[in-house]
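Chain residues, written in single-letter form:
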Amino acid sequence: MNWPLGVALYFTIWWVVLFAVLPFGVRSQHEDGEMPEGTDPGAPVAPRMGIKMLWTTVVSAIVWAAALYVISRF
């Protein structure tokens, strides 16, 4: 696999994993019981994007390595 294809594959895997990881551990304002005036009750209280991006990077690297292994075998 050439490097532009590898980068494109990793980029695609990263975004798919990010969307899969986003809902983990999120508490809405409604669940927390604290709703500031003018905000949506479903808005997250503390989304913790930094840790989610770190987990996304780690999981994506593992999935990308597995995909690279499978692609190189054939």
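Residues numbered from 1 in each chain as written. Predicted model: local features only at pLDDT ≥ 70, side-chain atom pairs only at ≥ 80, totals over all residues. Heavy atoms only, no water.

Regarding the overall build of the protein
Then, in step 1: The secondary structure content of the protein amounts to 3 helices and 0 strands.
Then, in step 2: When the helices and strands of the protein are placed in sequence order, the string is α-α-α.
Then, in step 3: Computed over its C-alpha atoms, the radius of gyration of the protein comes to 17 Å, more than 25% above the 11 Å expected for a compact globule of 74 residues.
Then, in step 4: When the backbone C-alpha atoms are referred to their principal axes, the protein occupies close to 55 × 20 × 15 Å.
Then, in step 5: By the burial criterion, 15% of the 74 residues in the protein qualify as buried.
Then, in step 6: Accessible surface, the protein as shown: approximately 5,600 Å² in total, 72% of it carbon and sulfur.
Then, in step 7: Charge centroids of the protein, computed over 4 positive and 5 negative side chains, lie 22 Å from each other. (Helix = DSSP H or I, 4+ residues; strand = E, 2+ residues; numbered from the N terminus. Rg over C-alpha atoms; globule rule 2.2 N^0.38 Å. Buried < 20%, exposed > 50% of the residue type's maximum accessible area, 1.4 Å probe, protein only. Areas by Shrake-Rupley, 256 points an atom, 1.4 Å probe, with all protein chains shown as cover. Lys, Arg positive; Asp, Glu negative; His and termini not counted. Charge placed at Lys NZ, Arg CZ, Asp CG, Glu CD.)

Overview of the packing of helix 1 (residues 3–21) against helix 3 (residues 49–73)
Between two packed helices, both the angle of their axes relative to each other and the distance between the axes serve to describe the pair.
Then, in step 1: Running from amino to carboxyl end, helix 1 crosses helix 3 at an angle of 135 degrees, the nearest separation of the two axes being 8 Å. Relative to helix 3, helix 1 is oriented oblique. Note that helix 1 runs across helix 3; the crossing there is right-handed. On helix 3, the residues that touch Gly6, Leu9, Tyr10, Ile13, Trp14, Val17, Leu18 and Val21 of helix 1 are Lys52, Met53, Thr56, Thr57, Val59, Ser60, Ala61, Val63, Trp64, Ala67 and Ile71. (Axes fitted to C-alpha atoms, helices over the stretch in contact; angles between N-to-C directions. Parallel < 35°, antiparallel > 145°, perpendicular 65-115°, else oblique. Left-handed = near helix turned anticlockwise from the far one by under 90°. Contact = heavy atoms within 4.5 Å.)

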